Amino acid sequence: MDKKEYCENLIKAVIDASEADTWDLAVLEWEIVDCTEDESLSSQCVCQHEGLRYLYKIRNTINKNILFPIGSTCIKKFGRNDLDEELSIMKQMFSLLHAVERRERIELTSKYFSRKLLEYLYEKNVFMPNNYNGFDGYNDYEFLLKIFNKVNKADISEAQHRKTTAIIMNSILPYLRSKLQILKK
């Protein structure tokens with residue numbers, strides 16, 4: 001199948017599952033509700049393209065129809081910045097989860113984090129109130145953002161590294177494990 005056929009299949013699938021009958025209006029009806037990683041790359045998109053790694057589930061906000069699996073390339077064709085940002089955040093979360101599982105030392109750099117990812121985690125209430133953050137999750141978010149924004153990472157103290165690791169292991173990692181699904185075949 002060529003790119004044109006994949007695109008036609010995508011357009012048909014989206015419009016058929018939408019209330020709108022034109023592409024430009026139909027794409028506005030959808031939201032990403034879930035993502036699974038297929039390490040075997042054996043899944044096929046609704047457009048019929050094979051070899052997907054990230055399997056997104058999207059839901060129509062009007063009629064609640066579901067399209068699954070749909071690949072990131074097809075979601076990007078929706079031309080919506082909000083969905084593109086969410087794709088980026090999901091990929092960052094999988095990358096971070098894998099790095100933790102490989103027991104890498106995780107630092108607050110653009111290798112695994114972004115301001116958008118930290119904001120997303122805060123908005124999802126990942127930073128739970130506890131003794132260490134003065135019972136206000138915003139304090140953890142603000143701390144991580146401050147460390148992320150440091151230009152000279154050598155200025156980060158060992159105590160700040162330990163606090164960063166504690167927040168990642170006790171708040172972020174449990175969220176990632178509960179949110180992300182990985183298919184191993």
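In short, a report on the structure. Just so you know, these numbers come straight off a predicted model, no measurement behind them.

### Notes on the packing of helix α5 (residues 115–123) against helix α6 (residues 137–149)
Then comes step 1: With their axes 10 Å apart at the nearest point, α5 and α6 run at an angle of 175 degrees to one another. Comparing their axes, α6 and α5 come out roughly antiparallel. Contacts between α5 and α6 pair Arg-115, Leu-118, Glu-119 and Tyr-122 from the former with Gly-137, Tyr-138, Tyr-141, Leu-144, Leu-145, Phe-148 and Asn-149 from the latter.
Then comes step 2: Residues of the contact of α5 with α6, tallied by class, amount to seven nonpolar, two polar and two charged.

### Regarding the packing of aromatic side chains
Then comes step 1: Under the defined criterion, the tally for this structure stands at five aromatic pairs.
Then comes step 2: Taken together, a centroid distance of 5.4 Å and an interplanar angle of 45 degrees make the contact between Tyr-54 and Phe-94 tilted. Of this pair, Tyr-54 sits in strand β4 (residues 54–60) while Phe-94 sits in helix α4 (residues 81–101); the two residues are 40 residues apart in sequence, bridging distant segments of the chain. Each member of the pair, Tyr-54 as well as Phe-94, is classed as buried.
Then comes step 3: Ring plane angle 55 degrees and centroid distance 5.7 Å describe the contact between Tyr-138 and Tyr-141, whose orientation is recorded as tilted. Highlighted residues: Tyr-138 and Tyr-141, both in helix α6, separated by three residues, approximately one helical turn.

### Examining the sheet that holds strand β1 (residues 30–38)
Then comes step 1: In spatial order, the strands read β5-β4-β1-β6; together these four strands make up an open sheet with mixed pairing. The sheet terminates laterally at β5 (66–70) and β6 (181–183), the two strands that pair on one side only. Strand after strand, the sheet turns through a mean of 25 degrees between neighbouring axes, direction not considered.
Then comes step 2: Two strands pair when backbone bridges link them, and β1 and β4 are joined in this way by seven bridges, in the antiparallel orientation. Note on β4: the bridge partner recorded for Trp-30 is Asn-60.

### What about the nonpolar core?
Then comes step 1: Ranked by size, the top nonpolar core spans 58 residues in total, and within it Ile-70, Phe-78, Met-93, Phe-113 and Ile-172 carry the most contacts.
Then comes step 2: Per-element accounting of this core gives the leading share, ten residues, to α4.
Then comes step 3: Non-local contacts of Ile-172, meaning those with residues more than four positions away in its chain, are made with Leu-96, Phe-113, Leu-121, Val-126, Phe-127, Leu-144 and Ile-167.

### Considerations on unusual backbone geometry
Then comes step 1: Geometrically, the link from Phe-68 to Pro-69 is a cis peptide bond, its omega value of -10 degrees lying close to zero.
Then comes step 2: Mapped onto the secondary structure, Pro-69 falls in strand β5.
Then comes step 3: Phi is positive for Leu-41, which is not a glycine, with a value near 55 degrees.
Then comes step 4: Residue position: Leu-41 is located in the loop between β1 and β2 (43–44).
Then comes step 5: The partly exposed category is assigned to Leu-41, whose relative accessible area is 39%.
Then comes step 6: Phi angles above zero are rare outside glycine, and Arg-103 is one such case at about 60 degrees.
Then comes step 7: Relative to the helices and strands, Arg-103 resides in the loop between α4 and α5.
Then comes step 8: Overall, Arg-103 belongs to the exposed group, its relative accessible area being 76%.

### Quick notes on the pattern of salt bridges
Then comes step 1: Counting across every chain of the model gives eight salt bridges.
Then comes step 2: Across the pair Glu-8 and Lys-4 runs a salt bridge whose closest N-O atoms are separated by 4.0 Å. Of this pair, Glu-8 and Lys-4 both sit in helix α1 (residues 3–16), four residues apart, roughly one helical turn.
Then comes step 3: Assessed through its relative accessible area of 43%, Glu-8 is described here as partly exposed.
Then comes step 4: The exposure class assigned to Lys-4 is exposed, which follows from its relative accessible area of 58%.

Each value, and the rule that gives it
Once a new chain begins, its residue numbering starts again from 1 and follows that chain's sequence as written. The predicted origin of the model limits local features to residues at a pLDDT of at least 70 and limits the giving and counting of side-chain atom pairs to 80 or more, whereas totals for whole chains, interfaces and linings rest on all residues. Note that water and hydrogens are dropped before the side-chain values are worked out from all heavy atoms of the structure. Helix axes are fitted only over the stretch in contact, all axes being lines through C-alpha atoms; the angle between N-to-C directions runs from 0 to 180 degrees. In DSSP terms, a helix is any run of H or I states spanning at least four residues, a strand is any run of E spanning at least two, and both are numbered starting from the N terminus. With respect to orientation, any angle under 35 degrees is reported as roughly parallel, any angle over 145 as roughly antiparallel, any angle of 65 to 115 as roughly perpendicular, and every other angle as oblique. Contacts were defined at the residue level, with two residues in contact if any of their heavy atoms lie within 4.5 Å. When residue character is reported, Ala, Val, Leu, Ile, Met, Phe, Trp, Tyr, Cys and Pro are called nonpolar, Asp, Glu, Lys and Arg charged, and the others, Gly included, polar. In summary, the pairing rule links any two rings of Phe, Tyr or Trp, Trp by its six-membered ring, whose centres are within 6.5 Å, and it sorts them by plane angle into stacked for under 30 degrees, edge-to-face for over 60 and tilted for everything else. To sort residues, take the accessible area from a 1.4 Å probe on protein chains only and compare it with the maximum for the residue type: under 20% means buried, over 50% means exposed, and anything in between is partly exposed. A pair of strands counts as paired when DSSP detects no fewer than two bridges linking them. Think of a nonpolar core as a cluster: buried Ala, Val, Leu, Ile, Met, Phe, Trp, Tyr and Cys residues, connected wherever their side-chain atoms sit within 4.5 Å. Any carboxyl oxygen of Asp or Glu within 4 Å of a side-chain nitrogen of Lys or Arg constitutes a salt bridge here.

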